[in-house]
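Observations on chain architecture
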Amino acid sequence: YKSFADYLGRLSLVAHAGKPAAPVMILSPIATAYRQLASDGVVNDRIAVDRIYAALSYGLLARQRNHIYIDERHLHLGALTKRGLSFNDYVDSLDVLIVPGASVLDDKTVSLLADFTAYGGKILWLERLPEYTTSGADFPVGKFTNKQNVLLTEFDIASIEAVLAEWRPLPIRVNTIG
């Protein structure tokens, strides 16, 4: 038992010595989900944005691509720095955001994302760019047509991974037996 306890102690020490590495954020476009939920006054139990959100999550996990989920309200709590969005000392600054299938975003989010890309942050838009903000204003497409933004109009996990590999290469992992 002592050797097992010693092993767990060493493992715990190693696990607590580092920080999680999740340089990729996935935005939960809640305003889009609400809009799809009650389209034309009819409650719809098939929310299209949920489909792409789930497929993206499973695809990234299958490729060992570390990521975190964030909604618009929590995105606003981040501090914009030259290294990306910073939320606390536990997680490093995050500089890659994936926006899956959003048709509408909060006005404050749009402003934050424009500043995020101006600071060097990168946004991968999946299936579409939003059309409107929550105030009803047109989405300012012109602010999101620079090299910091990529739009993939078709969901394809291989294409998503290709973009992420260019922006955030995965570390090489070596398995040894012996």
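Located above this text is the structure these notes cover.
Residues numbered from 1 in each chain as written. Predicted model: local features only at pLDDT ≥ 70, side-chain atom pairs only at ≥ 80, totals over all residues. Heavy atoms only, no water.

Describing the sheet that holds strand β9 (residues 122-126)
Whenever strands of a sheet pair, they do so through backbone hydrogen bonds, lying parallel or antiparallel. Across the sheet, five strands lie side by side as β4-β1-β7-β9-β11; this open sheet has parallel pairing. Each end of this open sheet is capped by a strand with a single partner; those strands are β4 (68-71) and β11 (149-152). Pairwise comparison of adjacent strand axes, ignoring direction, gives a mean angle of 25° for this sheet. Direction of pairing for β9 relative to β11: parallel, over a ladder of four bridges. Looking across to β11, one finds that L126 is bridged to L152. Across the sheet, helix α3 (residues 48-62) touches β1 (24-28), β4, β7 (96-100) and β9, and the angle it forms with β7 is around 140°. Along the sheet, helix α6 (residues 157-167) makes contact with β1, β7, β9 and β11, crossing β9 at roughly 180°. (Pairing = 2+ DSSP bridges. Helix = DSSP H or I, 4+ residues; strand = E, 2+ residues; numbered from the N terminus. Axes fitted to C-alpha atoms, helices over the stretch in contact; angles between N-to-C directions. Contact = heavy atoms within 4.5 Å.)

A closer look at the packing of aromatic side chains
Tallying each qualifying case throughout the model produces four aromatic pairs. Aromatic side chains F139 and F144 sit 5.1 Å apart centroid to centroid with 20° between the ring planes, which places their arrangement in the stacked category. Residue classification places F144 among the buried positions, given a relative accessible area of 3%. The structure contains a cluster of three or more aromatic residues connected by ring pairs, namely W125, F139 and F144. (Phe/Tyr/Trp six-rings, centres within 6.5 Å; stacked < 30°, edge-to-face > 60°. Buried < 20%, exposed > 50% of the residue type's maximum accessible area, 1.4 Å probe, protein only.)

Focus: the packing of α3 against α6
Running from amino to carboxyl end, α3 crosses α6 at an angle of 60°, the nearest separation of the two axes being 10 Å. Judged by the inter-axis angle, α3 sits oblique to α6. For α3 against α6, the interelement crossing comes out right-handed. Residue-level inspection shows L56, G59 and L60 of α3 in contact with α6, the latter providing I157, I160 and L164. Considered class by class, the residues forming the contact of α3 with α6 number five nonpolar, one polar and no charged. (Parallel < 35°, antiparallel > 145°, perpendicular 65-115°, else oblique. Left-handed = near helix turned anticlockwise from the far one by under 90°. Nonpolar A, V, L, I, M, F, W, Y, C, P; charged D, E, K, R; others polar.)

Details of the side chain of D95
Relative to the helices and strands, D95 is located in the loop between β6 (84-86) and β7. Not counting chain neighbours up to four residues away, the residues in contact with D95 comprise P23, R83, G84, F116, G121, K122 and R168.

A few points about the environment of L60
Topologically, L60 is positioned in helix α3. C-alpha separation for the pair L60 and I160, spaced 100 residues apart in sequence, amounts to 9.0 Å.

Observations concerning the side chain of S103
Within the element layout of this structure, S103 appears in the loop between β7 and β8 (104-105). Look past the residues within four positions of S103 in its chain and what remains in contact with it is T32, R35, R128, P130, E131 and Y132.

A closer look at a nonpolar patch on the surface
Together, Y1, F4, Y7, L8 and L11 make up a nonpolar patch on the protein surface, roughly 620 Å² of accessible area in all. Structurally, L11 is set in helix α1 (residues 2-17). (Patch = residues over 30% accessible without salt bridge, like charges linked within 9 Å, V, L, I, M, F, W, Y side chains within 5 Å. Areas by Shrake-Rupley, 256 points an atom, 1.4 Å probe, with all protein chains shown as cover. Salt bridge = Lys/Arg side-chain N within 4 Å of Asp/Glu carboxyl O.)

Describing α3
In a regular helix each residue adds 1.5 Å, so 15 residues correspond to 21 Å; α3 covers 22 Å between its end C-alpha atoms and thus fits that length. Listed in full, the buried residues belonging to α3 are V49, I52, Y53, L56, S57, G59 and L60. Where α3 terminates, the next one or two residues include Q64, which has phi positive at roughly 55°. (Expected span 1.5 Å × (residues − 1).)

Observations concerning the pairing of β1
Counting buried positions along β1 gives four out of five residues, so the element sits mostly inside the fold. In this structure, β1 lies alongside β4, joined through four bridges in parallel fashion. If you follow L27 over to β4, its bridge partner there is I70.

Here we look at α6
Each full turn of the α-helix corresponds to 3.6 residues, which orients residues three or four apart in the same direction. Here α6 has its buried residues at I157, I160, E161, V163, L164 and W167. The buried residues of α6 occupy an angular sector of 160° when the element is viewed end-on, so they sit on one face. Elements that come into contact with the buried residues of α6 comprise β1, α3, β7, β9 and β11. (Arc of directions from axis to C-beta.)

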